[in-house]
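Examining the three-dimensional arrangement
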Amino acid sequence: MQKLHNEWKERQQRFQKFWRSFTHDRTTRISLVIIAIVTLLAVTAPWLPIPDPMAFTQNQYSPPGTPGHLLGTDNFARDMLSRVIWGGRVGLTVAVVSAGISITIGILIGSLAGFFGGWIDDVLSRVIDIFLMIPAFFLALLIVALFGPSILLIMVVIGVTTWPRPARIMRSQVLTLKSRTYVQAARTAGASSSQLLAFHIIPNGIPPVITNATLLMGSAIIVEAGLSFLGLGDPSVVSWGRMISAGQSHLRLAPWMSIFPGIAMLLVVCAFNLIGDGLNYVINPHSRERKIDPGLENPLIKPNQIAKPNKENDSTQTPNSFFEISDLTMYYALQRNWVRAVDNVSLKMQKGSSLGLVGESGCGKTSIGLSLIRVLPANARIFDGNVFLDGKEILNVPDREFQRVRWNQMSMIFQSAMNALNPVAPVGKQLIDAYQLHRPRASKKEGRLRVEELFDLVNIPQSRMRSYPHELSGGMRQRVMIALALLLEPDLIIADEPTTALDVLIQDQILYELDLLKEKMNLSLVLITHDASVVAESCDRTAVMYAGQIVEEGPSMVLFEDGRHPYTRGLLGSLPSLTGPKHELVTIPGESFTPVGEVLGCRFTARCPLATDLCRHVDPPEIMVTDDHWSRCHYALEDIIESAWAGGR
Amino acid sequence: MRFSRYLIRRILQLLPVILVVIVLNFVLLHLAPGDAALRLAGEDPNPAVLEAIRERYGLDLPLHQQLWIYLGRVARGDLGESLMARRSVIGIIGDRAGATILLAVTSLFLGSTLGIFLGTLLSARAGSRIDISSSVTAVVGYSIPVFWLGIMLILFFSIRLQWFPVSGMFTILGPRTGIPRLLDVGHHLILPVLTLMVASTAQYLRLARTSVLQVLNEDFIMTLKAVGFSRRAVLVKYALRNAALPIVSMLGLQLGIVLTGAVLTETVFSWPGLGRLVYEGIMNRDTPVIMGAFIIMSIAVALASLLTDLVYAALDPRVKY
Amino acid sequence: MGRWLGILFLISVLAVAGCGPQAAVPPPEEEVILTYAVQNDAETMSPNTHGQRGGGYVVFANLYSALMTLDWGITVGTTHYGDLAETWDVDPTGQLYTFNLYQNAVWHDGEPVTSADVKYTYERMIDRNYPFSTFLADVKEISTPDDHTVVIELTEPNVAFLPMMAQAANWYGKIMPKHVWGDGEWDEGPGMENPIGSGPFKFAEWEKGSYVVLEAFDDYFRGRADVDKVIVRTMPEATIVQSEFRAGNIEWLPNQFSPAFGEIDEYRADPDVEVVETGSHYNYDVWINVAHEPLNDPRVRHAIAYAINADEINQLAFSNVWIPCRYAGLPLSQFTNKNVEFPAFDPDRAEELFEEAGLPRGAGGWRFDLELIEPGFSTTTAMAEILVEQFKAVGINARWIPTDHTIYGEYLDQKNYQMTIYYTRYGPDPDAYREHFATGGPRVSNNYSNPQLDELAAAARVTTDLDERIRLYGEIQEIIVQDAPIVSIFNEVKVTLVETGWTGFAEQESGFNQSLGWSCVYNVKPPNR
Ligand code: SF4
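Bear in mind the structure is a predicted one, so any value in this text is a computation, not a measurement.

Some remarks on the pairing of strand E4 (residues 85-90) of chain C
Residues and elements named next belong to chain C. Looking at chain direction, E4 and strand E5 (residues 96-101) are connected through five bridges and run antiparallel. When the bridges of E5 are listed, Thr 87 appears paired with Asn 100. Connecting E4 to the next strand, E5, in antiparallel fashion are five residues, including Gly 94 with a positive phi near 75°.

As structure tokens, then:
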């Protein structure tokens, strides 16, 4: 009982969540309202205080606005308002029944084909393909012409001629769902094929079919109108299509005869299509663009903000390090709020050194990299900060100026190399293009030579230049990315998860090579990763990031051995220590924190075993542990830190 | 070698389509009420007249025999003879196909070009007011009934402004050859093409916009930006090419839609095309013409989808035959 | 492919650039061109082998000649007259017809038209059972005493022979050139695309799906036509045809393209347009299947007559242009018996009669179900839309079953409809009563049969005495009104629009009895001629 209740609750919540994101869009909301109104009018038409749509009144061709005839009358002196409303009844019926028939057949055939596979799939897929080739409208035309245009036949015919598309969608849905774990689990638990289909596969595969159905509803109304225009509408019902085509012959005398039903039809068809779009957005969230809501205020201007005010004379300060980030602040707009992705981050590095930036995913480490190389998503904004490279400020310079720094002095290696390369161009060409972009005078040949050189450097056979990314192994692709980063011999490389998704052996190999290259070329390296072991192996210094802030920074050895922040100890301590005894590998319990809007107190409070009231109310300051080691914890200098995870994590 | 085997296989796959089209039409045409013989016999015919007509046109044979005869002919590449026009169906379709191809290809070409262009422009301004209003306008564009749009365009541009001819494909007794003829046809072509391309422009606009946006969200775009390619270069040189994949794959589908629009557009503009021919054939129960046209149209759609797949394969190295 | 696209692109770019308009080369000034529209393209250029749909008849009428022909309208005095036949004669037995052909008639290739051509044509039609053979059913023998005389002998006297065949000549029955076709089939060979006729216009060009161009034939036996060129355009959509007419690109808008009746007043007020209203020998009636329960009860059929409000239909559908008609005949025909009329609109009486016939209102207030069909003309659909409502008002659960032309034909052929709106053609000869009402008549689609009527019709067919015929047909009409297998509603009025100044169209006074058929434009003259 309880379980059922929970399930129900969960369903309800899921639906609410869906509904919220579905109705987030204004056009979708308007469309829903239109359909709701039309449906309401259509359903209640017999009880509305309007004349019988078939009844002949006194005056033919009364213009709109005539008393008693808001939308005028037609050539038979029938009330247009009433006819438009009753036409909605037919229109919606056509839409729903046709689309219903279409998707019912489509779901049935599609799921049979997808679920059973083998020869059943072969046969059904062929049938689907064949029917996709037959021009549906002409088939509908033929059938309706042959058997006489009754509205019932028209609906059935529209349904029967449009099923292949939902069938195809359903088939591919079932194919993906079939292999999902919960389906497999149900199968192991002894569910029969029909149970699997009915309870597990079809309900989960249906959403895209429903999206297709809304589009079908719109087109069913249009097809009915098209048939009517060709003289194949059912004359015994009041449909918009027939009203429009009847109105064509009275255009000069009574344009409203075709205009009003035309508008009604246009509105409803548009509404169906827009609802389809809305559903599509919910199912494929990418297609909704990110942008900054213009009503969102600059968070730094608010009176009781947390961010520090801009420091004076920042850009005139000459840094003493080779690379320095100070007070970098970058927020994302998320609906009506700012997410503090990078909050007052400051870091320093010497030439030829390496810095590891570790943290769980979503902590903002990648955002730092993106801010540095200036590829921010549309909803991100840098509010504050300075970046100095080799004594020069590079964050607050115009793009044109930055272009000289980009790749020449500072380049980047991206995570997930599979997608970081253009899938439809040979890898060599991609590198040559980049070379020519920055060396516009260089000939193609020079570019090729340079790339060949780099391929040698990163141990890829030169012949691979003509390969496409999908033809290379993961390690090879990552080497291409490294080659790309080295293209113009930069001083600083920001490597964002360069080894994620590779198998351990290759990971090590790549890291090792990267290390060699770094030595050889006197590179500075910022290594962004969630994997502490990577940092441990290859970085001089480590910065630990949590919820947009650096919480601790210092020499890698020190941080791994004696981190002075509970988070660091949780994150790094979980590693097989370099020197000490092995700890168990357990992640820190709780979910990572997303700093939205104003944040009070330490951001780690919720997950910290040492949290106190102080932590909850007061933002911990940067506490210097030694000269080159600091931590953002009230208790950084206390012994208690060491016992942070003693109770087991 | 692999390619030609692929081609042959694809073309062989057409056979079942043709078979289904033929059988489907045969069954439908024979199940339905309405008899071509009655139509051919004219006003108040004597029974003898009817009988003679049935015999002459082979309409008195049992269904399976008619089907068998027809299949035999199709196998020899002969689509039979129109009951009404007493000419070969291939000839009749040939007379009309040119007009439809001109109309369909021009509007598909212009519609897709314009749609892709506008869609790409809009994707660069995603989320802006103009983007949202254009997207909604595009939905309106393909929600308008084609025939209604055609008539409105005629009323406005041809009757009111008198910029274009009201209907037809060329000026009768006008120029026959050369550039003047081309111009004449072009002048007649504008409104029908405009009518037909509104829907495909709208669809391509939306498709181009979403696919470009989708590509712009992909990781390699970030790489390109990071390397320093300008927005324009990223959009034009890279994103568009990758976005072309879904756009191309819509081409086959679009042909079917354009053919549908063609019958309505041809009716409105008195355009001597295939769509109209099918409609008249259906109204006349001219079985050979109906089947011939269905076969040709299905082949056209199939070829378009083949072409689509070939172009797709050329654009995307990941696709193998 | 690339080149093709290139060309297409070029065309569109050039066209969009707006260089189009000057493309039309204006015709030489003295040339008179007449343009009009048909809904469907002609199917072939060979008439006679089968019924056409639209375009063909209109072209054939100008390209070919028939032996005899007939124009529109029964407005007193319309009768059959000679086309190729200069004079004709019937012997006293009523079985022997002699036709004297025009001496100077020639084919478009210069050969003379002779009696052999007529004999060849008619015998071929009978032999192959071509549609025109229906009207030659009584022919016993055709002989040709000389080159310009044709004698047709009938198996029995038939007063309707000439008028019926003259009317049918509007569809088929065109005389074919023997020297061109010879033993060849009429639906094969070069004549299909390159027709040789003897009509006032000769074939010039056929752009399939678009138009047919005909040119005046210099050696036409009645003299060259005033119109130099005739263009028959294929235009499926009536609204667009009207637009072309208003734009001045079409001079003649025949009945099937005429605008909504409601707009006619507007056209009447337009000085550039002449609105021609032509009477017709067609009545538009309700046909009731007397084999169908409960319509087999004459009381029910009378009740239906009482339920029909012709004035309302006329007002709503025809803007009062049509002529309500309760006679079993044409208002203007001398054969019409004006002493008998179908019942006038009286819904109360209708309900009484239904009660009498044992058809009380049942569930939902309905007395019985009724399916109504019609042939799909704009006029009949308009009537159906209103009639259904009028029937509902007296408790008939009427439903309008849509059909197209072909399905409709099947209903008539199978005689299995319940009720239809259809025309009754009371001409060109009153023998039409036999066709429509005598048992087994070619146009009896409602299973009606009355032996008394059969006898009267048979008698009227063989007598040539006018008064006797009037008497016999008067009695027939009494029976029809009594039995009510049909209920008359309207006498049709054809509305034709003509560009002001043009004369000689079949619908106009000026074309009356000399236009050589419904679609021939031989007598058409441009303004100021
Ligand atoms: S400040 Fe408090 S909550 Fe934050 S890390 Fe330190 S002990 Fe934990």
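Let us keep going from here.
Let's talk about the pairing of strand E17 (residues 486-499) of chain C
Remember that side chains alternate between the two faces of the sheet whenever the strand is regular. Residue and element names in this part refer to chain C. Counting buried positions along E17 yields 13 of 14 residues, so the element is predominantly enclosed. As paired strands, strand E12 (residues 273-288) and E17 are joined by 12 bridges and run antiparallel to one another. Bridge pairing in E17 places Glu 274 opposite Val 498. Pairing analysis gives two bridges linking strand E13 (residues 323-324) to E17, with the strands arranged antiparallel. Counterpart to Pro 324 in the pairing with E17 is Phe 490.

A few points about the packing of aromatic side chains
Evaluation of the coordinates by the stated rule reveals 49 aromatic pairs over all chains. Geometrically, the ring pair formed by A:Tyr567 and A:Phe604 is edge-to-face, given 5.2 Å between the ring centres and 70° between the ring planes. Separated by 37 residues along the polypeptide, A:Tyr567 in helix H21 (residues 566-572) and A:Phe604 in the loop between H21 and helix H22 (613-617) bring together distant segments of the chain. A relative accessible area of 0% places A:Tyr567 in the buried class. Considering the side-chain rings of C:Trp322 and C:Phe490, the 5.7 Å spacing of their centres and the 75° angle between planes classify their relative orientation as edge-to-face. One end of the pair, C:Trp322, is in the loop between helix H9 (310-318) and E13; the other, C:Phe490, is in strand E17, with 168 residues separating them in the sequence.

A short note on the interface of chain A and chain B
The interface of chain A with chain B comprises 63 residues on the first partner and 71 residues on the second. When the area that chain A buries against chain B is broken down by residue, the three leading residues are A:Met133, A:Phe138 and A:Leu146, summing to 12%. One can count one salt bridge joining chain A with chain B. Two residues, B:Arg206 and A:Asp277, come together in a salt bridge whose shortest N-O distance is 2.6 Å. Between chain A and chain B we count 10 residue pairs in polar contact (both at pLDDT 80 or more) in total. Here the side of chain A that touches chain B is built from residues that sort into 42 nonpolar, 13 polar and eight charged.

What to know about the nonpolar core
B:Ile22, C:Tyr122, C:Ile152, C:Ile304 and C:Phe391 are the most contacted members of the largest nonpolar core, which totals 320 residues. For this core, the element with the highest residue contribution is helix H9 (residues 193-229) of chain A, accounting for 14 residues. Two domains each provide a minimum of three residues to this core, namely domain 1 (2-75) and domain 2 (96-315) of chain B. Setting aside residues no more than four positions away along its own chain, C:Phe391 makes contact with C:Ile304, C:Ala307, C:Ile308, C:Leu370, C:Ile396, C:Ala398 and C:Met419.

Considerations on the interface of chain B and chain C
The interface is formed by 61 residues belonging to chain B together with 67 residues belonging to chain C. Contact between chain B and chain C buries roughly 5,500 Å² in total, counting both sides, with carbon and sulfur atoms accounting for 62%. Looking only at chain B, the three residues that lose the most surface to chain C are B:Glu43, B:Asp44 and B:Ile172, adding up to 12% of its buried area. Counting every contact that joins chain B to chain C gives four salt bridges. Ionic pairing is found between C:Asp41 and B:Arg96, a salt bridge with its closest N-O pair at 3.8 Å.

With respect to the sheet that holds strand E1 (residues 323-334) of chain A
Residue and element names in this part refer to chain A. Spatially, the four strands line up as an open sheet ordered E2-E1-E4-E5, and their pairing is antiparallel. Pairing within the sheet leaves two strands with one partner each, and these edge strands are strand E2 (337-349) and strand E5 (392-393). Where E1 and strand E4 (residues 380-389) come together, eight bridges link them in antiparallel fashion. Note that in E4 the partner of Thr 329 across the bridge is Asp 384. The strands touched by helix H12 (residues 365-373) are E1, E2 and E4; relative to E1, the strand with the most contacts, the crossing angle is about 105°.

Observations regarding helix H12 (residues 405-414) of chain C
Restricting attention to buried positions, one finds in H12(C) the residues C:Thr406, C:Ile407, C:Tyr408, C:Glu410 and C:Leu412. For H12(C), the secondary structure elements touched by its buried residues are helix H5 (136-147) of chain A, helix H3 (36-40) and helix H13 (274-284) of chain B together with strand E14 (368-373) and strand E16 (419-425) of chain C. C:Lys415 sits one or two positions beyond H12(C) and adopts a positive phi of about 55°.

Considering the sheet that holds strand E7 (residues 149-154) of chain C
Residues and elements named next belong to chain C. Taken together, four strands build an open sheet; the order of strands is E4-E5-E7-E6 and the sheet is antiparallel. Two strands in the sheet have a free side with no partner beyond their single neighbour: E4 and strand E6 (139-146). The mean inter-strand angle of the sheet, taken between neighbouring strand axes irrespective of direction, is 20°. Strands in contact with helix H4 (residues 161-168) are E4, E5, E6 and E7; relative to E5, the strand with the most contacts, it is inclined by about 45°.

Notes on a nonpolar patch on the surface
Taken together, the side chains of A:Phe147, B:Leu19, B:Val23, B:Val27 and B:Leu31 present a nonpolar region at the surface, about 410 Å² in accessible area. A total of four residues in the nonpolar patch trace back to one element, the largest contributor, which is helix H2 (residues 14-31) of chain B. Here A:Phe147 lies in helix H5.

Rules and cut-offs
- By convention here, each chain's residues receive numbers from 1 onward along its written sequence.
- Each chain is given a letter, starting from A, and each ligand a number, starting from 1, according to the order in which they appear as written.
- With pLDDT at 70 or above as the cut-off, local features in this predicted model cover only qualifying residues; side-chain atom pairs require 80 or more to be listed or tallied, and sums for whole chains, interfaces and linings still use all residues.
- Excluded from the side-chain calculations are hydrogens and water; all other atoms, namely the structure's heavy atoms, are used.
- DSSP calls a pair of strands paired once it identifies at least 2 bridges connecting them.
- Each helix is a run of H or I in the DSSP string that is no shorter than four residues. Each strand is a run of E no shorter than two, and both are numbered from the N terminus.
- Burial status follows relative accessibility: with a 1.4 Å probe on protein chains alone, a residue under 20% of its type maximum counts as buried, one over 50% as exposed, and anything between as partly exposed.
- Under the pairing criterion, centres of Phe, Tyr and Trp rings, with the six-membered ring standing for Trp, must be within 6.5 Å; the plane angle then separates stacked pairs below 30 degrees from edge-to-face pairs above 60, leaving the rest tilted.
- Contacts are assigned to residue pairs with any non-hydrogen atoms lying within 4.5 Å of each other.
- The term buried area means the drop in 1.4 Å probe accessible area that two parts suffer when joined, counted for both and summed.
- Each reported salt bridge corresponds to a side-chain nitrogen of Lys or Arg within 4 Å of a carboxyl oxygen of Asp or Glu.
- Polar contacts, as counted here, are pairs of nitrogen or oxygen atoms within 3.5 Å of one another; within protein the pair requires one atom able to donate a hydrogen and one able to accept it, and residues that are adjacent in sequence qualify only if both atoms are side-chain atoms.
- Here the nonpolar group is Ala, Val, Leu, Ile, Met, Phe, Trp, Tyr, Cys and Pro; Asp, Glu, Lys and Arg are the charged ones; every other residue, Gly included, is treated as polar.
- Nine residue types can take part in a nonpolar core, namely buried Ala, Val, Leu, Ile, Met, Phe, Trp, Tyr and Cys, and a core is a set of them joined through side-chain atoms within 4.5 Å.
- Boundary definitions for the domains trace back to an automatic or database domain assignment.
- Helix axes use the C-alpha atoms of the stretch in contact, all axes being lines fitted to C-alpha atoms, and the angles between their N-to-C directions lie in the range 0 to 180 degrees.
- Surface patches are drawn from residues lacking salt bridges whose relative accessible area is over 30%; two like charges belong together within 9 Å, two nonpolar side chains (Val, Leu, Ile, Met, Phe, Trp, Tyr) within 5 Å.
- For accessible areas, the Shrake-Rupley method is used with a probe of radius 1.4 Å. Any residue's cover is judged against the shown protein chains and nothing else.

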